[in-house]
Amino acid sequence: QLRHRRWAELAEQPGSGTLGSRRGKMPIFSNQLFDYNFGYLPPAAQTTTFNITYDDLRPAAASAKRQHGGEARASAPSKRGRASTTPVDVTAINTIRLLSADMVQAANSGHPGAPMGCAPMAHALWAHIMTYNPENPKWINRDRFVLSNGHACALLYSLLHLAGFDLSLDDLKSFRSLGSKCPGHPENFHTPGVEVTTGPLGQGLSMAVGMALASAQAGATYNKDGFDLLNSHVFVICGDGCLQEGVTSEASSLAGHLGLGRLIVMWDDNKVTIDGSTDLSFTEDVLARYASYGWHTLHVPNGDDDLEGILAAIEEAKACTDRPTMIRVSTTIGKGSKNEGTGAVHGAPLGEADISNCKKMWGFDEAKSFHVASDVYDLYTRKREAGIKAEAEWRATLARYKVMHPQLAAEFERRFERNELPAGWEEALPVFTAADKQLATRQSSQLVLNKLCEVFPELVGGSADLTPSNLTKAKGALDFQRETPEGKYIRFGVREHAMAAICNGISAYGGFVPFCATFLNFAGYALGAIRVSAISQYGVCYVMTHDSIGLGEDGPTHQPIEMLLSLRSMPNLLTLRPCDSNEVSGSYRVALLNRTRPSVIALSRQACPNHAGSTIANVALGGYTLHGSADGEGLQLSLVASGSEVGLCVQVAELLATEGVNVRVVSMPCWELFDEQPLEYKKKVFPRGVPVLAVEAASVEGWSKYSHAIVGMSTYGASAPAKDLHKKFGFTVDNVAMRGREVLSFYAKGGDQVPWLMNRP
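Rules used throughout
- Each chain has its residues counted from 1, following the order in which its sequence is written.
- Residue-level local features of this predicted model are given only where pLDDT is at least 70; pairs of side-chain atoms are given and counted only at 80 or more, and the full residue set underlies all totals for whole chains, interfaces and linings.
- The basis for the side-chain values is all heavy atoms of the structure; hydrogens and waters are excluded.
- Salt bridges are identified by distance alone: a Lys or Arg side-chain nitrogen within 4 Å of an Asp or Glu carboxyl oxygen.
- For helices the rule is a DSSP run of H or I covering at least 4 residues; for strands it is a run of E covering at least 2, with both sets numbered from the N terminus onward.
- For the exposure calls, accessible area comes from a 1.4 Å probe over protein chains only, and a residue counts as buried if that area is under 20% of its type's maximum, exposed if over 50%, partly exposed in between.
- Using a 1 Å grid laid over the protein atoms alone, points where a 1.4 Å probe fits but cannot get out form a cavity; open sets with protein on both sides within 12 Å along at least 5 of 7 lines form a pocket; any residue with an atom within 4 Å of a point counts as lining.
- Grid points are joined across faces, edges and corners, and a volume is the space filled by probe spheres set on the points.
- For this classification, Asp, Glu, Lys and Arg are treated as charged, while Ala, Val, Leu, Ile, Met, Phe, Trp, Tyr, Cys and Pro are nonpolar and the rest, including Gly, are polar.
- Residues grouped as a nonpolar core are buried Ala, Val, Leu, Ile, Met, Phe, Trp, Tyr and Cys residues, joined through side-chain atoms within 4.5 Å.
- We call two residues in contact whenever any of their non-hydrogen atoms come within 4.5 Å of each other.
- Given the number of residues in a helix, its expected span is that number minus one, multiplied by 1.5 Å.
- Disulfides are defined in this document as cysteine sulfur pairs within 2.5 Å.
- The convention used is that axes are lines fitted to C-alpha atoms, helices contributing only their stretch in contact, and that angles between N-to-C directions extend from 0 to 180 degrees.
- With respect to orientation, any angle under 35 degrees is reported as roughly parallel, any angle over 145 as roughly antiparallel, any angle of 65 to 115 as roughly perpendicular, and every other angle as oblique.
- The handedness criterion is simple: a crossing whose near helix is rotated anticlockwise from the far helix by less than a right angle is left-handed, and one whose near helix is rotated clockwise is right-handed.
- Two aromatic rings, drawn from Phe, Tyr or Trp (for Trp, its six-membered ring), form a pair once their centres lie within 6.5 Å of each other, and the interplanar angle then sorts them: stacked below 30 degrees, edge-to-face above 60, tilted otherwise.
- In this analysis the charged atom, NZ for Lys or CZ for Arg, is taken to sit over a ring once it is within 6 Å of the ring centre and within 35 degrees of the ring normal.
- Any two strands with at least two DSSP-identified bridges between them are counted as paired.
- Here the term right-handed applies to a crossover when the path leading from its first strand over the helix to its second strand runs clockwise, the strands being oriented away from the viewer.

As enumerated under the stated definition, the model contains 24 salt bridges in all. Between R414 and E458 there is a salt bridge, with the nearest N and O atoms lying 2.7 Å from each other. On the criterion of sequence distance, the pair formed by R414 in helix α14 (residues 406-417) and E458 in the loop between α15 (441-455) and β9 (459-463) is long-range, its members being 44 residues apart. The same class applies to R414 as to E458, namely buried. The partner of D724 in a salt bridge is K723, and the shortest N-O contact between them spans 3.4 Å. One network of salt bridges, with partners in common, ties together D547, R568, R577, E645 and E696.

Where empty space is left can be seen by rolling a probe of water-molecule size over the atoms. Size it by volume and the second largest pocket reaches roughly 640 Å³. Together, 27 residues line the second largest pocket, and N419, S507, A508, G510 and G511 are the ones closest to its centre. Those elements that provide at least two residues to the lining of the second largest pocket are α14 and α17 (496-509). For the lining of the second largest pocket, a count of residues per class yields 9 nonpolar, 9 polar and 9 charged.

Quick look at the nonpolar core now. Most often, soluble globular proteins have nonpolar side chains that are buried together. One finds V236, L243, L263, F412, I502 and I530 to be the most contacted residues of the largest nonpolar core, which totals 79 residues. For this core, the element with the highest residue contribution is helix α7 (residues 203-222), accounting for 10 residues. Sequence-distant contacts of L263, that is, excluding residues within four places in its chain, are made with A208, V209, A212, V234, V236, A255, W295, P324 and T325. Of all hydrophobic cores here, the second largest spans 56 residues; its members include M103, V104, L147 and L156.

Attention shifts here to helix α3 (residues 87-107). A turn of α-helix holds 3.6 residues, and therefore any two residues three or four places apart point the same way. With 21 residues, α3 extends 30 Å from end C-alpha to end C-alpha; this agrees with the ideal 30 Å at 1.5 Å per step. Among the 21 residues of α3, 16 are classified as buried, and the element is accordingly described as predominantly covered. N108, located one to two residues past α3, shows a positive phi value of around 55°.

Looking now at the state of the cysteines. Among covalent bonds in proteins, the disulfide is the one between the sulfur atoms of two cysteines. Taken as a whole, this structure holds 0 disulfides when the rule is applied. C238 provides the cysteine sulfur closest to C118, a residue in no disulfide bond, and the two sulfurs are 9.1 Å apart. The cysteine C516 is free of any disulfide, with C503 supplying the nearest cysteine sulfur at 3.9 Å. You can call C516 buried: its relative accessible area is 0%.

If you walk through the whole model with that rule in mind, you get 6 cavities of 30 Å³ or more. The space that makes up the largest cavity amounts to roughly 100 Å³. Every residue along the wall of the largest cavity is listed here: W126, M130, Y132, N133, N136, P137, R142, D143, F145, F165, G193 and E195. Space inside the second largest cavity adds up to approximately 70 Å³. The wall of the second largest cavity is formed by T95, L98, L99, D102, K359, F364, D365, K368, S369, F370 and H371.

Glancing now at the packing of α3 against helix α5 (residues 153-163). Relative to each other, α3 and α5 sit at 120°, their axes nearing to 9 Å. The orientation of α3 relative to α5 falls into the category oblique. The handedness of the crossing between α3 and α5 comes out as right-handed. In contact with I96, L99, S100 and M103 of α3, α5 contributes A154, L155, Y157, S158, L159 and L162.

This brings us to the packing of aromatic side chains. According to the stated counting rule, one finds 25 aromatic pairs in the structure shown. Look at W394 and F412: their rings are 6.2 Å apart centre to centre, the planes differ by 45°, and that puts the pair in the tilted class. Separated by 18 residues along the polypeptide, W394 in helix α13 (residues 374-404) and F412 in helix α14 bring together distant segments of the chain. Both residues of the pair, W394 and F412, count as buried. With centroids separated by 5.0 Å and ring planes inclined at 90°, the aromatic side chains of F746 and Y747 adopt a geometry described as edge-to-face. Each member of the aromatic cluster is reached from another via a ring pair, and the members are W139, Y222, W394, F412, F416, Y509 and F512. The lysine or arginine in question, R415, covers the ring of F512, its NZ or CZ lying 4.7 Å from the ring centre. The ring of W671 carries R568 above its face, with NZ or CZ at 4.2 Å from the centroid.

The next thing to look at is the pairing of strand β12 (residues 541-545). Buried residues dominate β12, accounting for 5 of its 5 residues. What you see with β12 is no split at all: C541, V543 and T545 on one side and Y542 and M544 on the other are buried throughout. Across 5 bridges, strand β11 (residues 513-519) lies against β12 in parallel orientation. The residue of β12 that forms the bridge with T518 is M544. Assessed by its sense of winding, the connection that carries the chain from β11 through helix α18 (residues 523-536) to β12 is right-handed. In this structure, β12 lies alongside strand β14 (residues 599-602), joined through 4 bridges in parallel fashion. When the bridges of β14 are listed, V543 appears paired with I601.

This part is about the side chain of S215. Examined against the element boundaries, S215 turns out to sit in helix α7. Here S215 falls in the buried class, since its relative accessible area comes to 6%. Contact partners of S215, with chain neighbours within four places excluded, come to S232 and Y509.

Bringing the packing of helix α9 (residues 246-258) against α17 into the picture now. Relative to each other, α9 and α17 sit at 70°, their axes nearing to 8 Å. Looking at the two axes, α9 sits roughly perpendicular to α17. Listed contacts from α17 to V247, E250, A251 and L254 of α9 are E496, H497, A498, A501 and I502. Grouping the amino acids of the contact of α9 with α17 by side-chain chemistry returns 6 nonpolar, 1 polar and 2 charged.

This next bit is on unusual backbone geometry. Glycine aside, the phi torsion of most residues is negative, and most peptide linkages are trans. With a phi angle near 65°, R176 is a residue other than glycine that sits in the positive phi range. If you trace the backbone, R176 turns up in the loop between α6 (169-173) and α7. Located in the positive-phi region is H546, a residue other than glycine, with phi close to 55°. Looking at the element boundaries, H546 is found in the loop between β12 and α19 (563-568).

Just geometry here; none of it tells us what the structure is for.
The structure is reproduced here in structure tokens:
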């Protein structure tokens, strides 16, 4: 009783039960061994972190240690009841190794080492642990698998083939060739069964945090007594490189804080990087770091051969529901190769002779490549059939759920089965008039988000510790926290890069529309993940406030100059900079309708007038005539701008009108959408013979495809009130009007014909 009470006291202590990370084991004396569970029972006055490997979890091993005082390695039944690794498991693991090596050899390009080292842990997941259905790869309650070290993709393709996804041996043979289903790094939009696009190290693990967050929020929303609709896990294999990237530190810190217990990461601890041994640059105690984040940490010392130890570790991780788990799996890179354990097997084919030696050593026919034995196929066929059965049982549960919870079920099916947006949601977008109060567009965004959150249950997101500035928290919104997983507002903390990656993961999970926010200038911290959004076709909405030198006194460190250009240059990304409240509504409409394109909505700190010519619908055109003659009759000059400078251009047009100059103002909230319009429409907006002056308080670069002259920024800003900065850098009515007159004069006095920039092949 005293021991049980002491154990209960320890369980309440912060950090109790954390597994250490050093290879050596802490001495365990016979009078200190706690028989009921595993571990070291310290005196009452101490808090102890103890180190346990998976030999210690086996009853036979623990018994041997008590009896003989030495290290014992004995096979014993795990929680799953499997007595030992079977011969077909060994064959399957070596098949995965050889398929991966054959793929790289056939392509004469790729990374064989990590797949060969990771094969046992990957086989454990795909053949024994995970629930999935290759006949319906998008089943919402499937377990997710993320290969964060995406260069090891030959491993993933081998598994997808064995598991019965739409990936044939011929597809494997076409690895890394043009049009192949097996590209050089995993692509979620290209290969059936690939959950997320990985390759930039660390992005996969960080996206997995988002997937686990989405799973927790959806489960808290829809799971009811007797109806466990959503109970899947997110499994990750990552490498040393992923854990060196800062984005994983950011994401893992938040995952530990939130207690995402269905996230299980397996770290391929092979101690090799491209430069050589990890001793050159990566000697920290990783498990201690993750324990400090609030993770459950485990270690499998022999990841090359100890399938039972790997399986026991995963089962222990699954049993830990209040914390994510990091499992250190010590492996040998390129296991079986003559160069195993060295950087030589990382990123180059092994060579035919080396592969033949591996085949001979493992009992395979040396003359056969891409060979899979029938018993290996049979093993994975049984797993596939179990997944098909699991989905059928789940659908029977869903049918009963629909009877008991019809409204929730209808919403669930709309979101997760049909992937549809709510009916009539566009009617919630607020409409403004020129008589309405001037607001900073970030304030308009707050109004729009409030309305959208009332009709969009799938809209989830938050800010990187800038909620009072970004204004992204809807009225009454509940925070997503460990204690309130049903909440939909996420406090990302000062973690912009992880914030973006986590939103990618939320999008990848399905059934959610994620948004996240920071200052526009700090999109620079998140660009790596934003690029993954664009490649992966995730419709993440990035809300970026304080979009120009108009933010004022914070100065050039915070004033974005080149950031709009950087974002506009990224393929499959929509960059929207609305000029007033109607265009803010229109920008959200565009972002929400484009489910396969991420959007950045750049918003002002300073107030902007509402314009009589702006509409919600016109934002989808990218650019349109907001002020002045619509038919172009007698037009002499066009001013084109985005965001807060549109109001400035309207004032300039009104001034020049008093001088007899016919001026049109074109609002261009989105270059990408305007460029996609029919040529005839673009010619109407910018007609022949009319010079164009662009005005934007950001980089001048890029505007020359629309305009003949530009008022913009070619230097960084300065620290001062916004009105002083606008005067210093020329964003005043007088200066823009003067530049307009200069443009008119230039094309008038030389008789030069105005180049028609829209008239291009």
